[in-house]
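Chain residues, written in single-letter form:
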Protein chains: 2
Amino acid sequence: MATRPGILFVLSGPSGAGKGTVCKALMERGLGLNLSISVTTRPPRPGEKEGVNYFFRSKEAFEEMIRSSKLLEWAKVFDNYYGTPRDFVEEKLAAGEDVLLEIDIQGAMQVKQRFPDGVFIFLIPPSATELQARILGRGTETEASYRARFGAARQELAMMREYDYVVVNDVVERACDRIAAIVAAEHCSVSRNMHLLDEW
Amino acid sequence: MATRPGILFVLSGPSGAGKGTVCKALMERGLGLNLSISVTTRPPRPGEKEGVNYFFRSKEAFEEMIRSSKLLEWAKVFDNYYGTPRDFVEEKLAAGEDVLLEIDIQGAMQVKQRFPDGVFIFLIPPSATELQARILGRGTETEASYRARFGAARQELAMMREYDYVVVNDVVERACDRIAAIVAAEHCSVSRNMHLLDEW
């Protein structure tokens, strides 16, 4: 019997939604999701580990990955490249294992082109006020960069309609409960279980 | 702000799948589902209570409900009528509450015509062998009626493709876990949450 392919779950959303925190908490639940690690050209921050937080590569190595189609999606943010290695995702899915990508909206839309059957989850902060507080809470923002980030986040919210699910990140563990439910429900979708008709 | 409508969940599936048992266990979980009680013309069995197991009505009263469009779906099985009262379902949904229907496949297909946005869940036994055992286990079947029921169940299985989700009833509590996940996930579907775009 051919292995049924795994499911690709894409966790995405506007800046300030808390994607990283939710993703980390979700991976601790042991739902059988394989987290895709991004590749970047930005230098590691203190404490970041190769192959855990990112694969750290030179600009030249990254551009070679682009040329040889080794990336599912990539973007240049200021002077740094970020991307999703293709092999990991394709190999896990082919082996019947689920994969989790935590990426920005632009990247998610690139992935959707290639994996229309993926499950696209849009994480949002509970309110505009809360988003404001979170951006300011980072304490690293100037007034101008805050305005830019907040404005961008509001615009990004309209991209919700391109997704399958929207999860409000009010409390991290509750957001994880919702995503865990989405994972379980998607495994029950009829379109992913047509093989059952042959087994009878 | 207008109340958002509740979600209609329809639990259905072939004969012998265990719909009744799963439905009962599911209702004990307190997921906020309002169970629709069917109306029937068959006489109450020992222990069955009016308004709990069924609404018991005369043939004349039932036929009057049909004429006055008080039923979402109905069927005549041998000499008895069975149906789903419309008012309960429509009132709960309009009040923003979820409703659970536990009905056979024929009834589910009627409901789907009227509520294409409903969530249609197909419950199946874990295997053909298990279905066989369950039908025989009732101990009330003759050889001929067993063959008829088993053949019908296999044919009914092909109706799976008309549903949104398929839940294997291997263990009742696990089947309930899956349905609870479907309920939670559907509340996160983007199409049911477009109001979030207005709230920002």
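Residues numbered from 1 in each chain as written. Chains lettered and ligands numbered in written order. Predicted model: local features only at pLDDT ≥ 70, side-chain atom pairs only at ≥ 80, totals over all residues. Heavy atoms only, no water.

Asks: Give me the overall build of chain A: which residues, what numbers.
Replies: The number of helices and strands found in chain A is 8 helices and 9 strands. Its C-alpha atoms give chain A a radius of gyration of 18 Å, within 12% of the compact-globule value 16 Å for 200 residues. Along the first, second and third principal axes, the C-alpha atoms of chain A reach 65 × 40 × 30 Å. Evaluated residue by residue, chain A yields a buried proportion of 44% over its 200 residues. Looking at charge distribution, chain A has the averaged site of its 25 positive side-chain charges lying 4 Å from that of its 28 negative ones. (Helix = DSSP H or I, 4+ residues; strand = E, 2+ residues; numbered from the N terminus. Rg over C-alpha atoms; globule rule 2.2 N^0.38 Å. Buried < 20%, exposed > 50% of the residue type's maximum accessible area, 1.4 Å probe, protein only. Lys, Arg positive; Asp, Glu negative; His and termini not counted. Charge placed at Lys NZ, Arg CZ, Asp CG, Glu CD.)

Asks: Would you mind going over the packing of helix H5 (residues 128–137) of chain B against helix H6 (residues 143–157) of chain B in detail, with residue names and values included?
Replies: Residues and elements named next belong to chain B. Close contact between H5 and H6 brings their axes to 10 Å; oriented N to C, the two are set at 145°. Here the hand of the crossing between H5 and H6 comes out right-handed. On the side of H5, the interface is formed by Ala 128, Leu 131, Gln 132, Ile 135 and Leu 136, while H6 contributes Tyr 146, Arg 149, Phe 150 and Ala 153. Residue composition of the contact of H5 with H6, by class: 7 nonpolar, 1 polar and 1 charged. (Axes fitted to C-alpha atoms, helices over the stretch in contact; angles between N-to-C directions. Left-handed = near helix turned anticlockwise from the far one by under 90°. Contact = heavy atoms within 4.5 Å. Nonpolar A, V, L, I, M, F, W, Y, C, P; charged D, E, K, R; others polar.)

Asks: Tell me about helix H4 (residues 105–114) of chain B, residues and numbers included.
Replies: What H4(B) keeps buried is the set Ile105(B), Gly107(B), Ala108(B), Met109(B) and Val111(B). Against strand S1 (8–12), strand S5 (71–77), strand S7 (98–102), strand S8 (119–124) and H6 of chain B lie the buried residues of H4(B).

Asks: Account for the sheet that holds S5(B), with residues named and values stated.
Replies: All names here are of chain B. On the basis of which strands lie adjacent, the open sheet formed by 4 strands has the order S4-S3-S6-S5 and mixed pairing. This sheet does not close on itself; its edge strands, each paired only once, are strand S4 (55–56) and S5. Of the strand pairs in this sheet, S5 and strand S6 (residues 80–85) are connected by 6 bridges, and their pairing is antiparallel. Bridge pairing in S6 places Trp 74 opposite Gly 83. Its contacts with the sheet place helix H3 (residues 86–94) against S5 and S6, and it is angled at close to 20° to S6. (Pairing = 2+ DSSP bridges.)

Asks: Just give me the short version of the relation of the copies chain A and chain B, but keep the residues and values in it.
Replies: You can overlay chain A on chain B at an RMSD of 0.0 Å; the transform is a turn of 180° with a shift of 0.0 Å along its axis. Considering both components of the superposition, the chain copies are consistent with a two-fold axis. Across chain A, the smallest distance between a C-alpha and the rotation axis is recorded for Ala181(A), namely 2.1 Å. The residues that chain A uses at the interface reappear at the interface of chain B in 97% of cases, marking a shared surface. (Least-squares fit on C-alpha atoms with pLDDT ≥ 70 in both.)

Asks: Go over the interface of chain A and chain B, please, and point to the residues and values.
Replies: Counting from both sides, the interface comprises 29 residues of chain A and, opposite them, 28 residues of chain B. A combined buried area of about 2,600 Å² lies between chain A and chain B, and 80% of that area is made up of carbon and sulfur atoms. Linking chain A to chain B there are 0 salt bridges. Inspection of the chain A/chain B interface yields 4 residue pairs in polar contact (both at pLDDT 80 or more). Looking at the side of chain A that touches chain B, the elements with two or more residues in it are helix H5 (128–137), helix H6 (143–157), strand S9 (165–168), helix H7 (172–187) and helix H8 (195–199) of chain A. It is H7(A) that provides the largest number of residues to the side of chain A that touches chain B, a total of 5 residues. (Buried area = accessible area lost by both parts, 1.4 Å probe. Salt bridge = Lys/Arg side-chain N within 4 Å of Asp/Glu carboxyl O. Polar contact = N/O pair within 3.5 Å; in protein donor to acceptor, adjacent residues only side chain to side chain.)

Asks: Tell me about the UniProt feature "binding site: ATP" (unreviewed entry) in chain A, residues and numbers included.
Replies: Residues and elements named next belong to chain A. Within this structure's numbering, the places UniProt gives as "binding site: ATP" (unreviewed entry) are Gly 13, Pro 14, Ser 15, Gly 16, Ala 17, Gly 18, Lys 19 and Gly 20. As for its placement among the helices and strands, Pro 14 is situated in the loop between strand S1 (8–12) and helix H1 (19–27). Pro 14 sits in the buried class, given a relative accessible area of 1%. Each residue touching Pro 14, except ones within four places of it in the same chain, is listed here: Lys 19, Ile 105, Phe 122, Leu 123, Ile 124, Pro 125, Ala 153, Glu 156 and Leu 157. Position of Ser 15 relative to the elements: it lies in the loop between S1 and H1. Excluding residues within four positions of it along the chain, Ser 15 makes contact with Leu 131, Arg 149, Ala 153 and Glu 156. (UniProt positions renumbered as here; feature names shortened; annotations may be inferred.)

Asks: I'd like to hear about the side chain of Ser189(B), residue by residue, with values.
Replies: With respect to the secondary-structure elements, Ser189(B) resides in the loop between helix H7 (172–187) and helix H8 (195–199). A relative accessible area of 8% means that Ser189(B) is categorised as buried. The residues touching Ser189(B), leaving out its near neighbours within four places in the chain, are Asp164(A), Tyr165(A) and Val166(A).

Asks: Let's hear about the nonpolar core: which residues, and what values?
Replies: In this structure, Ile121(A) and Ile121(B) are the most contacted members of the largest nonpolar core, which totals 44 residues. In contact with Ile121(A), other than residues within four places in its own chain, are Phe9(A), Val10(A), Leu11(A), Ser12(A), Tyr163(A), Tyr165(A), Val167(A), Ile179(A) and Ile182(A). (Core = buried A, V, L, I, M, F, W, Y, C linked by side-chain atoms within 4.5 Å.)

Asks: So, the sheet that holds strand S5 (residues 71–77) of chain A: which residues are in play, and what are the values?
Replies: All names here are of chain A. What the 4 strands build is an open sheet, ordered S4-S3-S6-S5; its pairing is mixed. Bordering the open sheet on either side are strand S4 (55–56) and S5, each of which pairs with just one other strand. Packing of helix H3 (residues 86–94) onto the sheet brings it into contact with S5 and strand S6 (80–85), and relative to S6 it is tilted by some 20°.

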